[in-house]
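Here is how the chains run, residue by residue.
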Amino acid sequence: MQVDQTEDKLDRHALVVAVWLAAGAIALVLFHFGFGAGGRGWLAGGFAAVLAGFASHVIVNAVTGTGFTPREVALGLVAMLAALLALVLATLLVVGFSAQFFLPVSGGLICLVLAVVLTMVTRHGPRRAFEVFDVIRDNNRRAASALPHRGGRK
Amino acid sequence: MTGLLLTLLALPVALSVYLATMVARSQTPAAFTDGGARLPGWAVIFGSGGVVLSGIDLPAHLALVGRYGLQASHLALGLIPAALALILVQKRLWLAARIAGTQSAGEALASYYGSVTLRLVMLTLAALFALPFAAQLLGGAGDFLAALTANAVPRGVAIWVLAFALFLPAVIGGWRGVVLAVAVQSLMLAVLTAASTGFAEATLSAAGYLQQGMTLSDGILSDRIPGVIQYSAGIGKEPVQGGIFTTLALLSSALAFMGLLLSPAMLYLGMTARAGRNLAFATVWGIAGVVVGLLVLLAPFLAARMQGGATGLVAGLAGVDQLAAASLAVLFLALRLVATAFFVTSGTLLVVRELVLPFVLPNLDARGGRLTARIALAVAFALVAAIATFSPLGAAVFASLALPMAAQMFPALLGLAFVRWISRSAVLTGLILGFLAVFFTEPPGLILFEGLFLDLPWGRWPLTIHSAAWGLVLNVGAVLLVSIFTRQGAERQARDLLHDEFAAHWRTDFGGRAARAAKWSLVLIWAFLAIGPGAILGNSFFSQPVFTEGDAALGVPSLWVWQLLFWLAGVPLVWWLAYRSGLGLTTDVGIRTLRLPATVQAQERQAPDWIAASLARVTER
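A. Spotlight on the overall build of chain B. Scanning chain B from terminus to terminus reveals 25 helices and zero strands. Here the C-alpha radius of gyration of chain B, 24 Å, is about what a compact globule of 621 residues would show, namely 25 Å. Dimensions along the principal axes, computed over C-alpha positions, put chain B at roughly 75 × 60 × 55 Å. When each of the 621 residues of chain B is scored for burial, the buried share is 55%. Sequence-distant contacts in chain B: of pairs separated by 6 or more residues, those separated by 24 or more amount to 83%.

Have a look at this one:
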């Protein structure tokens, strides 16, 4: 039974890798060409490829009856932060970057964040999606906070 | 670009090794050769499509389209009847594996017909795919890599390094590891093929297919099928006017594609899949949908830009973007390597499972079996690399036999799946005649006979009919004729055991009389119009409509529209059989086991005396 569960986890992991390998390869080429001779349209295509990868990942979760694993969430956050940092540094340090690329790149990143928010809201509902980040509320938990009209938290 | 190309090429290799390592950690030694017969559905779906795309050797197919135009591109529609043939037999084979404990197509046929010969035939076919067929693909990849790097990576080095890269995931993760790696790369192949075509069309300045069509040699019809049949003695004997792909060539080539889909490796993939909708999804959407769609839609675009060969297209793209060019080069390489890895691994594991472990080393435990399989994999990959390096011509000559010979197994498989009156002697007689016909209408037989005796009056594919069809005509004729006299033979009871079980619990629902008639007649009508003699109508059906005086200005060739139309019509046909008739739907629930008389149980396995004596002479000194 344990072997079966390990196999199922591995199968899902390989499927997620397959999805991101395909989407990532396309996105990489489009970003490379977009930042080179291509321009804004190709950058938008790159972000579309990343969004397609994310949407496919969500579909994989739905089909396999799972959610994002902690490692996947961590990797996603690190990638997003790295992209933000790169955007800020490039805007400050690379001459002409902000005029040509700031709008499409920041727009693409905002679209990615919106996609994540939309996924969380559709999966958990607005309140639970917000409560995932509401760590302060758990710091000084009262018994009354578990009452249904106070949110029903344990 | 060499550095970038090699870095990109290392990524999928590293990923495959990583996946295989994860598999090796989680699976038991006994599951090394069959993945525990629980391969995930998505891997079977992606893997089937990827292996077909890779097995037809897409770069070679594109070169053919570049040489013969849309008549060669029309070949892709032949994958739809091949998918129909696969869906007809796949579920019953899957069931036979669970009911009778037969783990592969060779074992199922051997147990069902009570014939050791059939087991050996299937193993020979597996070896044909695993050695010359795979060596030809690997050699092509080596040639391409050497040409791309301007011989910075010589051909021989490229072949051995690539073979080692394919060997690693196989030896670490076994069957499951390779299937997962193949599946992961297959999705990448499909997406990259579509994206690279779009990228080339959008960025390259030279006129593409829509602007100027394809430039072909004089006398070749670029956007028309050159007739229903051409009375030619065959390739190598006399040239064919207008091109070789007549409608009969297309129809008979579809039978050769059937050989790819009914190859021992593809059947093994299906038999080791989990229960569910995998087989239906793989056949309908993976093969008939995506693969045929990619080929019909995109092949003309890519072929039109490959007049200078695949390296020319990569070089052209490198002028626009280095990374895009390197990705395209990786795509062309992976298109050959996926099938190489798949066929070498499956062929080796089949030989180990069906020949070495039961008959040569029957007393090995699971760990010993795994070690045996690993040693066999090392030998097989080394052999393939050696053949590809030192005998590329020999590999090409013998590889030509793989598809048409595998297609000859269709009557035997159909007998196991549905037709209980097909007897062992009928199958064997048919196979002998079919193999002979294939052998003497393909290069090996022609070279051998003409070298030893005298010139034959025919060449390869006489009358523009593929060798697979010559073989199947004789094969099916012999099966029908011999079955008339032997259908009630002594082994009939053994065959009835399995068919009675199918009839009692696994009846196929082809629908009522009308639905049944509609299904088969629609398939025949589709075949006649799409790849049969009716396809000739497509030459001008949309450009010179029959009820008007003038020509229609479509902007694209009429034959291309015809191909797209019959691709779209073909997918629902496969869907109808796979889903509505349930031929692609499997379940674990309610399976009863039974023992076929000729099945050799694990505890009864023993080495034949002559093998045991030979081994003893070596090991007991």
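B. Just the overall build of chain A, in detail. The helix and strand inventory of chain A stands at six helices and zero strands. Taken from N to C terminus, the helices and strands of chain A fall in the order α-α-α-α-α-α. Looking at the 154 residues of chain A, the share that counts as buried comes to 20%. For chain A, contacts bridging at least 24 residues in sequence account for 54% of all contacts bridging at least 6.

C. Region of the structure containing the confidence of the model for chain A. A residue-level look at chain A finds 88% of positions with pLDDT of 70 or above and a mean pLDDT of 86. The element-level mean pLDDT for chain A is lowest in helix 6 (residues 136-139) of chain A, coming to 64, with helix 2 (residues 40-64) of chain A highest at 94.

D. Structural view of the packing of helix 5 (residues 79-99) of chain B against helix 12 (residues 278-304) of chain B. Residues and elements named next belong to chain B. It is the contact of helix 5 with helix 12, at a shortest axis distance of 10 Å, that shows an interaxial angle of 165°. As summarised for this structure, helix 5 and helix 12 are arranged roughly antiparallel, according to the angle between their axes. Considering the relative orientation of helix 5 and helix 12, their crossing is right-handed. Taking contact as the criterion, the partners of L79, I80, A83, L86, I87, Q90, K91 and W94 in helix 5 are, on helix 12, L279, T283, I287, A288, V291 and V292.

E. Expanded view of the environment of B:A134. Here B:A134 is to be found in helix 7 (residues 116-148). Not counting residues within four places of it along the chain, the set of residues in contact with B:A134 comprises B:F129, B:T340, B:F343, B:V344 and B:V384.

F. Main features of the nonpolar core. Residue and element names in this part refer to chain B. Core analysis: the largest hydrophobic core is formed by 251 residues, its most contacted members being L262 and V384. Element by element, the count of residues in this core is highest for helix 8 (residues 155-203), at 26 residues. Not counting chain neighbours up to four residues away, the residues in contact with L262 comprise A85, L86, L267, A406, A407, M409, F410 and L413.

G. Representation of helix 24 (residues 558-580) of chain B. For helix 24 of chain B, built from 23 residues, the straight-helix expectation of 33 Å at 1.5 Å per residue is met to within 8% by its first-to-last C-alpha distance of 33 Å. Residue B:G582 follows helix 24 of chain B closely and has a positive phi angle near 75°.

H. Geometry of helix 3 (residues 70-93) of chain A. Taking 1.5 Å as the rise per residue, helix 3 of chain A with 24 residues should run 34 Å; its terminal C-alpha atoms sit 34 Å apart, in good agreement. The buried fraction of helix 3 of chain A is low, at zero of 24 residues.

I. Up close: the environment of B:T21. All names here are of chain B. Of note, T21 is situated in helix 1 (residues 2-26). Assessed through the 14 C-beta atoms surrounding it within 10 Å, T21 is described here as partly exposed. Expressed as a C-alpha distance, the spacing of T21 and V171, which sit 150 residues apart in the sequence, is 9.8 Å.

Criteria and cut-off values
- One numbering rule holds for all chains: residues counted from 1, following each sequence as written.
- As they are written, the chains are lettered A onward and the ligands numbered 1 onward, keeping that order.
- A pLDDT threshold of at least 70 governs which residues receive local features in this predicted model, and a stricter bar of 80 or more applies before side-chain atom pairs are shown or counted, although totals over entire chains, interfaces and linings include all residues.
- Strands are runs of DSSP state E lasting at least 2 residues, helices are runs of H or I lasting at least 4, and numbering of each runs from the N terminus.
- The globule rule used here is 2.2 Å times the number of residues to the 0.38 power, and the radius of gyration it is set against is calculated over C-alpha atoms.
- Exposure classes come from backbone-placed C-beta atoms, where a residue is buried if 20 or more other C-beta atoms lie within 10 Å of its own, exposed if 12 or fewer do, and partly exposed in between.
- By the convention adopted here, residues make contact when the C-beta atoms placed from their backbones lie within 7 Å.
- The predictor's confidence in any single residue is recorded as pLDDT, a number from 0 to 100.
- Helix axes use the C-alpha atoms of the stretch in contact, all axes being lines fitted to C-alpha atoms, and the angles between their N-to-C directions lie in the range 0 to 180 degrees.
- By the definition adopted for this analysis, an angle is roughly parallel if under 35 degrees, roughly antiparallel if over 145, roughly perpendicular if from 65 to 115, and oblique otherwise.
- For a crossing to be left-handed, the near helix must be turned anticlockwise from the far one by less than a right angle; the clockwise case is right-handed.
- For this analysis, nonpolar core means a set of buried Ala, Val, Leu, Ile, Met, Phe, Trp, Tyr and Cys residues linked through C-beta atoms within 7 Å.
- For a helix, the expected span equals 1.5 Å multiplied by the residue count minus one.

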